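Remarks on the overall topology
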Amino acid sequence: MANKRIKLDQETFTCCICLDLLRDPLTIPCGHNYCMNCIKDHWNKEDEKNLYSCPLCRQTFTPRPVLLKNTMLAVLVEQLKKTGLQAAPADHCYARPKDVACDVCTGRRLKAFKSCLVCLVSYCEKHLQPHYDAHPFKKHQLVDPSNRLQENICSHHNEVMKIFCRTDQQCICYLCLMDEHKGHDTVSAAAERTERQRELEGSRLNIQQRIQDREKDLKLLHQEVEAINLSADKTVEDSEKIFTELIRLMAKRSSRVKQQVRSQQRTEVSRVKELQEKLEQEITELKRNDAELKLLSHTEDLNQLLLNYPSLSPLSESTDSSSIIIRPLRYFEDVTAAVSGLRDELQDVLREKWTNVSLKVTEVDALLSQPEPKTRAGFLKYSCDVTLDPNTATTWLSLSDGNRKAKVMREEQSYSSHPDRFSRCDQVLSRESLTGRCYWEVKWRGGGVDVAVAYKSISRKGNGDECVFGYNNKSWALRCNKNSCNFQYNKVQTPVSGPRSSRLGVYLDHRAGILSFYSVSETMTLLHRVQTTFTQPLYAGLHPFSYGDTAEKQQTFI
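Residues numbered from 1 in each chain as written. Predicted model: local features only at pLDDT ≥ 70, side-chain atom pairs only at ≥ 80, totals over all residues. Heavy atoms only, no water.

**Overview of the overall build of the protein chain**
- Helix and strand counts for the protein chain come out as nine helices and 23 strands.
- Of all 558 residues assigned to the protein chain, the portion counted as buried reaches 29%.
- Considering only residue pairs separated by 6 or more positions, the protein chain has 55% of its internal contacts joining residues 24 or more positions apart. (Helix = DSSP H or I, 4+ residues; strand = E, 2+ residues; numbered from the N terminus. Buried < 20%, exposed > 50% of the residue type's maximum accessible area, 1.4 Å probe, protein only. Contact = heavy atoms within 4.5 Å.)

Structure representation (structure tokens):
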């Protein structure tokens, strides 16, 4: 019974959040007890919802209840502690082989809650408490539990490595700084960590942007599949109707020819039969006359011959034999020949037109793009004539060579005021919009240049980043100088490796969302490729960096 009562007491005075004896106990309105810090932390996470709940019964409270220490319960907990009893942690609080264990616990050790980079010790929640309570410990840096704390100790001097040597790309202690790393480029480990985290964050932003772009592309592809299916279904349906109409028309024409032939057949047969009857009647009459004449011619009595001769029937008018023309056996064969000729003509027309129909089917551009060219000759097939628009150039740029060359001047140029003119950076856009597949080359001299593409809607006025190539979501820029090359979009900078060249090639497949930058020399070397979705026509852009710098669009020929 005593053991049972002790177990009940331990469960009664255990916080269900931290699974330890209550510290600064309090009772919330639903009647359940918690450590003050535990329930505060729990409710801090619910501040955004402005709805606070009990972790046990899930009852909610609005507004956030005022927390007051339960004095009587605190006294009871202190008395329980004096008896030497502790609330037994749940089994999942003990460290397992793969967990980081508390370095202070004895016997069966608890899981570490935090590791201290100053103490180089991992603590469970109980043994970590002095780091929250004692002022000297509050400056210590706490991190998630780690088994690799000793890696922060210099193996030569047994000191904490708080310095990062950028020359040798390694962490060192302050004694190393005085010894083999003397004179090297060094910063604090914290500063280097901040810098690396910033770079990682930039990379993450770039990856997240690419994920968004790919998701947009995926959505567009889904839409394109649906559009292709709808278009194909409608085309098949319409084509079947058209071919059915053609078949019906041919059947109608066939029936009409048949009717005409049969009608003409009846007419001609009737005419021939009528003539046959006349001829047969004439033959009968002629035979009768011939018999009479024969009989009379054999009469020996002259008086009888003379008496009967006048009574002979006169011959009827004979049918003119010249009116009967027997043609060769080609009555309706000409019709057959005409229909055969029509068939041949239709076959020729269908053959010619069908080739056109087949080409239209095969030319359906269901895919995003043809493969990107591999050689300069292949790129030059898509060469476009790009000229610079004087109405967009800043007053510090001078345009020449038929508006294909831009140079930064020491004095402002006398350009007229225009709403399209850039007012901040020494930038200029092309006069021509770019859609479809385009390629152009830029040759630059001087300190550096931005070779860019941008929407026409990019801002022109003001001192903000919204006007600068590569510092907004309306422009993409390759930034090159004598020492380095970077790609920039929406303030995210990506280092670009590759051979330095004074001639840069730009390839655009607008529909496919491909933008590629090349270093052009004896060979084409890809510097950077962008895969995105362009929602507007693009314009080529140039931004020479400083006085005397030039950038010019090159005439390109195959």
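So, next bit.
**Overview of the nonpolar core**
- Counting residues in hydrophobic clusters, the biggest one holds 37 residues, and the most contacted among them are L434, W440, V451, W476, L478, F487 and L515.
- Setting aside chain neighbours within four positions, we find W440 in contact with C384, V386, L434, V453, L504, G505, V506, L508, A540 and K553.
- Among the nonpolar cores identified, the runner-up in size contains 20 residues, and I28, Y34, Y52 and C54 belong to it. (Core = buried A, V, L, I, M, F, W, Y, C linked by side-chain atoms within 4.5 Å.)

**Points about helix α2 (residues 36–44)**
- Buried within α2 are the following residues: M36, C38, I39 and W43. Buried residues in α2, looked at end-on, bunch into an arc of 165 degrees, giving them a common side.
- Looking at the buried positions of α2, the neighbouring elements they touch are β1 (25–27), β2 (33–35), β3 (52–53) and β4 (60–61). (Arc of directions from axis to C-beta.)

**So, the packing of aromatic side chains**
- Considering all chains together, one arrives at 11 aromatic pairs under this definition.
- Aromatic side chains Y382 and Y507 sit 6.4 Å apart centroid to centroid with 70 degrees between the ring planes, which places their arrangement in the edge-to-face category. Note that Y382 is positioned in the loop between α9 (376–380) and β11 (397–400) and Y507 in strand β19 (residues 503–509), a separation of 125 residues in sequence.
- Residue Y382 is classed as partly exposed on the basis of its relative accessible area of 27%. (Phe/Tyr/Trp six-rings, centres within 6.5 Å; stacked < 30°, edge-to-face > 60°.)

**Some thoughts on the sheet that holds strand β18 (residues 492–495)**
- Reading across from one edge, β13-β22-β15-β16-β17-β18 is the order of the six strands in this open sheet, with antiparallel pairing throughout. If you trace the sheet from one side to the other, it starts and ends with β13 (428–429) and β18, each paired once.
- Two strands pair when backbone bridges link them, and β13 and strand β22 (residues 538–544) are joined in this way by two bridges, in the antiparallel orientation. Each bridged residue has a counterpart across the sheet, and for L429 the counterpart in β22 is G541. (Pairing = 2+ DSSP bridges.)

**As for the pattern of salt bridges**
- If you walk through the whole model with that rule in mind, you get 22 salt bridges.
- For D47, the salt bridge identified is with R64, shortest N-O distance 3.2 Å. Residue D47 is found in the loop between α2 and β3, and its partner R64 is found in the loop between β4 and α3 (71–82); the two are separated by 17 residues along the sequence.
- Between D465 and R424 there is a salt bridge, with the nearest N and O atoms lying 3.9 Å from each other. (Salt bridge = Lys/Arg side-chain N within 4 Å of Asp/Glu carboxyl O.)

**Side note on the side chain of S501**
- The residue S501 is located in the loop between β18 and β19 in this model.
- Among the residues examined, S501 registers a relative accessible area of 16% and is labelled buried.
- Separated by 3.0 Å, the side chain of S501 and the backbone oxygen of R503 make a polar contact.
- Setting aside residues up to four positions removed in sequence, S501 forms contacts with W444, S519 and V520. (Polar contact = N/O pair within 3.5 Å; in protein donor to acceptor, adjacent residues only side chain to side chain.)

**Some remarks on the pairing of strand β23 (residues 550–553)**
- Going residue by residue along β23, you find T550 and E552 tucked away on one face and A551 and K553 tucked away on the opposite face as well.
- As paired strands, strand β12 (residues 405–408) and β23 are joined by three bridges and run antiparallel to one another. Residue A406 lies in a different strand from β23, and its bridge partner there is A551.
- In terms of strand pairing, strand β14 (residues 437–445) meets β23 through four bridges, oriented antiparallel. Considered in β23, the bridge of W444 is made with A551.

**Focus: the environment of G183**
- Structurally, the position occupied by G183 is in the loop between α5 (174–178) and β10 (186–188).
- Distance from G183 to T167, taken between C-alpha atoms, is 9.5 Å for residues 16 residues apart in sequence.

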